[in-house]
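Architecture and fold: a report
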Amino acid sequence: MDVSAIKKVFLGMVAFLLFSCGGEEKKPDDILPESKMVSMLIDLRIAEGQVAVLTLSNDSSKAIFKELEKRIFDKHEVDSATYIKSYQYYMLRPEEALYIADAVIDSLKVIQQIKETGKQPDN
């Protein structure tokens, strides 16, 4: 899935959730910080891309992704329940969700450009 399609899907979910938001509240202690979510989502999107280019059956692709996902959780020292709870928390807060989505997309663009050109983009 290309970056623009990911952004469209993510923005669609955020727009849908926009109307269900309440007032400002304190973030619970068991919610991952935005920076950790960004880092994990970058790794997860890269893993999705790696699996997507493989010519495997759907079941095999899912199994490989599950293993990559487990490794990503281990790398970030986060369990799946905490990740899911944090993901749901941010999805219900459009402003924070957009910040995370933009950071992930911008980072993936930089990673792609470095991979293609061997150098960082000019800002």
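These notes cover the structure that comes with them. Please read these numbers as outputs of a predicted model, since none were measured by experiment. (Residues numbered from 1 in each chain as written. Predicted model: local features only at pLDDT ≥ 70, side-chain atom pairs only at ≥ 80, totals over all residues. Heavy atoms only, no water.)

Some words on the overall build of the protein chain
Broken down by element type, the protein chain carries five helices and zero strands. The linear arrangement of helices and strands in the protein chain, starting from the amino end, is α-α-α-α-α. By the burial criterion, 31% of the 123 residues in the protein chain qualify as buried. Restricting to contacts in the protein chain with at least 6 residues of sequence separation, those with at least 24 account for 77%. Accessible area of the protein chain: about 8,400 Å², with a carbon and sulfur share of 57%. (Helix = DSSP H or I, 4+ residues; strand = E, 2+ residues; numbered from the N terminus. Buried < 20%, exposed > 50% of the residue type's maximum accessible area, 1.4 Å probe, protein only. Contact = heavy atoms within 4.5 Å. Areas by Shrake-Rupley, 256 points an atom, 1.4 Å probe, with all protein chains shown as cover.)

Re the nonpolar core
Ranked by internal contacts, the top residues of the largest apolar core, which has 21 residues, are Met37, Tyr83, Ile100 and Val104. Of the residues forming this core, the biggest block, eight residues, is contributed by helix H2 (residues 34-52). Once residues lying within four places of it in the same chain are set aside, the contact partners of Ile100 are Glu34, Met37, Val38, Leu41 and Tyr90. (Core = buried A, V, L, I, M, F, W, Y, C linked by side-chain atoms within 4.5 Å.)

A few points about the environment of Lys119
Mapped onto the elements of the fold, Lys119 is located in the segment after helix H5 (94-117). Assessed through its relative accessible area of 58%, Lys119 is described here as exposed. Ignoring any residue separated from it by four or fewer positions in sequence, one finds Lys119 in contact with Gln113 and Ile114.

A few points about unusual backbone geometry
A positive phi angle is found at Glu77, which is not glycine, with a value near 55°. Assignment of secondary structure puts Glu77 in the loop between helix H3 (58-76) and helix H4 (80-91).

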